[in-house]
Amino acid sequence: MNVKIPEMMNRPEVLLRGNFACAGCGLSIAYKTAISALNRPIVVIPACCASVIQSLHPNVTYNVPTLNIAFAAHASAASGIARAKKMRGEDTTTVVWSGDGGTYDIGLATWSGAAERNENIIHFCYDNGFYSNTGAQRSSATPRGAVTTTTPGGKREKRKSVVRIMAAHDIPYIATASIGYPRDLYTKVKKASLIEGYRFILIDAPCPTGWNSDPAITPELGELSVKTGFFPLYEIEEGKLTFSKRSIRYKDPANRLPVENYLEKQGRFKSMTSDQIKLLTDDLQHEWDMLSRLE
Amino acid sequence: MKVIILNEEIELKDPVLPLGRPTLGSAGETGDWRTYRPKFIEENCIKCYKCWLSCPEGTIRVDAHGEYPYIDYVYCKGCGVCVHVCPGRKKQKALEMTPE
Ligand SMILES: Cc1ncc(C[n+]2csc(CCOP(=O)(O)OP(=O)(O)O)c2C)c(N)n1
Ligand code: SF4
Ligand code: SF4
Ligand code: SF4
């Protein structure tokens, strides 16, 4: 059952107004929804837009304790904090809040170690599919065909499935969520917060600046990525995958909206050829097939 | 500032940790960024709070559940998300974008 809005309204405000995020930023929606679901959070942030939008020292836009740290240290710093807080008997929730660059690419060895040790932390990855704050370079989360400053002709490789790598660690809880469905995101975070051990939540977070999309349609892009089968929503608990209510019907490709409905709203996919779109559609189906094996 | 290192209390003259504090308007009055302003039309509002859920800035304010939302124009960046998600009453949106 999804959370009711009044419950969400009663939670503390974690992201303060008047910060450096671009207008219509998906990361901001992801952050305020997810972090507000946690009790006494401590947030560890590697370099990413989330470290930029907190604005200029000594002012901080985050209304929760926040540690900024190097990429390769995020999950190890969080491990240390979580252990120290436990030793001191303090009831806090330690989380990593990282972009896709810091999860798919640069911080991978670190979180893999922490996941293997089953450290008591929640790892959030807000996924905008590229390195946004450094000027839109590709990451291994960038989908095929997307234009970034380092893939001017559109990326030639498919997007990496970080969730399946995470799943190979057999951690207690994994979920995907989208800013297009904030109540589903909040509900999953709340559920994760009641579980012990390493938990991972991947959040689809459209970025109007880098995707070259209208800032007003950020939530609509979140919904479209689900309805076209581009970003499936599911949970993996103790190795067993369950597609979420919002996504289950899109397991059948016949129920999905044409992927073009999603692509045409973003400048980054403008130059895609029909051959590239076909390859992209195959990539998406491959991911659905691989996920279905975990059901 | 006093810190405890290895059980010893040490007085630090200058803060050695770059500690910041939560601040409203940490990047200034971001309402200046707007070229369009969302305008609220009360008679079309069904209090569904979708605008509140999706506003990236937290500038859709609701004092208590059951009250009408209002907009904090000091910080609203004019992204238009609230207008886009508003279902309104009988297809008449309760929010619309108007030029500044
Ligand atoms: C070890 C290291 N390499 C490179 C950088 C430069 N750098 C800072 S942020 C960033 C990209 C972050 O991308 P992502 O995690 O996707 O977050 P986003 O910017 O999209 O929010 C890079 C490459 C760095 N700070 N440290
Ligand atoms: S570049 Fe994208 S993710 Fe970064 S603050 Fe702007 S909209 Fe948000
Ligand atoms: S225009 Fe954007 S920032 Fe302003 S209230 Fe609406 S959603 Fe929030
Ligand atoms: S989304 Fe529209 S109808 Fe719903 S509460 Fe906001 S203004 Fe009112």
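Right above here is the structure, for reference.
Figured I'd write up the structure that's included with this text.

A word on the overall build of chain A. The helix and strand tally for chain A stands at 12 helices and 9 strands. For chain A, the C-alpha radius of gyration of 18 Å lies close to 19 Å, the compact-globule estimate for 295 residues. On the principal axes, the C-alpha backbone points of chain A span a range of 60 × 40 × 40 Å. The 295 residues of chain A split such that 58% are buried.

Right, let's get into the site of ligand 1. All names here are of chain A. The immediate surroundings of ligand 1 are formed by 15 residues, with Cys-49, Gly-101, Tyr-126, Ser-132 and Asn-133 found nearest. In this structure, Phe-130 approaches ligand 1 through a main-chain N or O atom, which is 2.9 Å from an oxygen atom. Asn-133 places a side-chain nitrogen or oxygen 2.7 Å from an oxygen atom of ligand 1. By residue class, the composition of the shell around ligand 1 is 7 nonpolar, 7 polar and 1 charged.

What follows deals with the interface of chain B and chain A. The parts lose accessible area when they come together, and the size of an interface is often stated as this lost area. Each partner contributes to the interface: chain B provides 34 residues, whereas chain A provides 36 residues. Summed over both partners, the interface of chain B with chain A buries about 2,800 Å², with 61% contributed by carbon and sulfur atoms. One salt bridge connects B:Arg61 with A:Glu13, and the closest N-O pair in it is separated by 2.7 Å. Taken together, the connections running from chain B to chain A amount to 16 residue pairs in polar contact (both at pLDDT 80 or more). For the side of chain B that touches chain A, the elements supplying multiple residues, two or more each, are β3 (21–22), α1 (50–54) and α2 (81–85) of chain B.

Counting residues in hydrophobic clusters, the biggest one holds 56 residues, and the most contacted among them are A:Tyr31, A:Ile35, A:Trp97, A:Phe124, A:Ile201, A:Ile203 and B:Trp52. Among the elements that take part in this core, helix α2 (residues 26–35) of chain A stands out by supplying 6 residues, more than any other. Not counting residues within four places of it along the chain, the set of residues in contact with A:Ile35 comprises A:Val14, A:Pro41, A:Val43, A:Val64, A:Val95, A:Trp97 and A:Phe124. Counting 35 residues, the second-largest nonpolar core is a separate cluster that includes A:Ala75, A:Leu202, A:Val226 and A:Tyr250.

Residues and elements named next belong to chain A. Taken as a whole, helix α6 (residues 108–116) has its buried residues at Thr-110, Trp-111, Ala-114 and Ala-115. Taken end-on, α6 shows its buried residues confined to a sector of 130 degrees, consistent with a single buried face. Seen from the buried face of α6, the exposed residues on the opposite side, beyond 90 degrees, are Ala-109 and Glu-116. Buried-residue contacts for α6 involve α4 (74–87), α5 (101–105), β5 (122–127) and α7 (162–167). With its phi angle positive at about 50 degrees, Asn-118 sits one or two positions after the end of α6.

Residue and element names in this part refer to chain A. If you walk through the whole model with that rule in mind, you get 23 salt bridges over all chains. Across the salt bridge formed by Arg-83 and Glu-119, the nearest N and O atoms sit 2.8 Å from each other. With Arg-83 in helix α4 and Glu-119 in the loop between α6 and β5, this residue pair connects regions lying 36 residues apart in the sequence. Among the residues examined, Arg-83 registers a relative accessible area of 48% and is labelled partly exposed. In this structure, Lys-278 engages Asp-282 in a salt bridge whose closest nitrogen and oxygen atoms are separated by 2.9 Å. Of this pair, Lys-278 and Asp-282 both sit in helix α12 (residues 274–292), separated by 4 residues, roughly a single helical turn.

For α2(A), the buried fraction is high: 10 of the 10 residues fall into the buried class. Listing the buried residues of α2(A) in full gives A:Gly26, A:Leu27, A:Ser28, A:Ile29, A:Ala30, A:Tyr31, A:Lys32, A:Thr33, A:Ala34 and A:Ile35.

We now examine the sheet that holds strand β9 (residues 240–243) of chain A. Residues and elements named next belong to chain A. If you trace the 8 strands from one edge of the open sheet to the other, you get β3-β1-β4-β5-β7-β6-β8-β9, paired in mixed fashion. In this open sheet, the two strands that pair with only one neighbour each are β3 (66–68) and β9. If you compare each strand with its neighbour and ignore which way they point, the axes differ by 20 degrees on average. Two elements, strand β8 (residues 234–237) and β9, share 4 bridges in a ladder whose sense is antiparallel.

With that settled, consider the pairing of strand β6 (residues 173–178) of chain A. Residues and elements named next belong to chain A. Where burial is concerned, most of β6 is hidden: 6 out of the 6 residues are buried. Where burial is concerned, the two faces of β6 agree: the one with Tyr-173, Ala-175 and Ala-177 and the one with Ile-174, Thr-176 and Ser-178 are both buried. Sheet topology note: the β6/strand β7 (residues 199–204) ladder contains 6 bridges and is parallel. Pairing of Thr-176 across the sheet is with Leu-202, part of β7. The parallel pair β6 and β7 is bridged by helix α8 (residues 182–193), and the resulting crossover is right-handed. Pairing of β6 with β8, which is carried by 3 bridges, proceeds in the antiparallel orientation. Each bridged residue has a counterpart across the sheet, and for Ile-174 the counterpart in β8 is Ile-236.

Looking at the element boundaries, A:Leu185 is found in helix α8. Apart from the residues within four sequence positions on either side, A:Leu185 is in contact with A:Ala30, A:Thr33, A:Ala34, A:Ala177, A:Ser178 and A:Ile203.

With that out of the way, let us pick up unusual backbone geometry. Residue and element names in this part refer to chain A. Of note, the amide linkage connecting His-57 to Pro-58 takes the cis form, showing an omega dihedral of 0 degrees. Mapping Pro-58 onto the fold places it in the loop between α3 (49–52) and β2 (59–60). Backbone geometry at Ser-55 places phi at a positive 80 degrees, although glycine is not the residue there. Secondary-structure assignment places Ser-55 in the loop between α3 and β2. Residue classification places Ser-55 among the buried positions, given a relative accessible area of 12%. The backbone of Asn-212 shows a phi angle near 60 degrees, a positive value even though the residue is not glycine. Locating Asn-212 in the fold gives a position in the loop between α9 (208–211) and α10 (218–227).

Parameters at a glance
Residues numbered from 1 in each chain as written. Chains lettered and ligands numbered in written order. Predicted model: local features only at pLDDT ≥ 70, side-chain atom pairs only at ≥ 80, totals over all residues. Heavy atoms only, no water. Helix = DSSP H or I, 4+ residues; strand = E, 2+ residues; numbered from the N terminus. Rg over C-alpha atoms; globule rule 2.2 N^0.38 Å. Buried < 20%, exposed > 50% of the residue type's maximum accessible area, 1.4 Å probe, protein only. Near = heavy atom within 4 Å. Polar contact = N/O pair within 3.5 Å; in protein donor to acceptor, adjacent residues only side chain to side chain. Nonpolar A, V, L, I, M, F, W, Y, C, P; charged D, E, K, R; others polar. Contact = heavy atoms within 4.5 Å. Buried area = accessible area lost by both parts, 1.4 Å probe. Salt bridge = Lys/Arg side-chain N within 4 Å of Asp/Glu carboxyl O. Core = buried A, V, L, I, M, F, W, Y, C linked by side-chain atoms within 4.5 Å. Arc of directions from axis to C-beta. Pairing = 2+ DSSP bridges. Axes fitted to C-alpha atoms, helices over the stretch in contact; angles between N-to-C directions. Right-handed = clockwise from strand over helix to strand, strands pointing away.

By themselves, these are just geometric observations and shouldn't be taken as functional.
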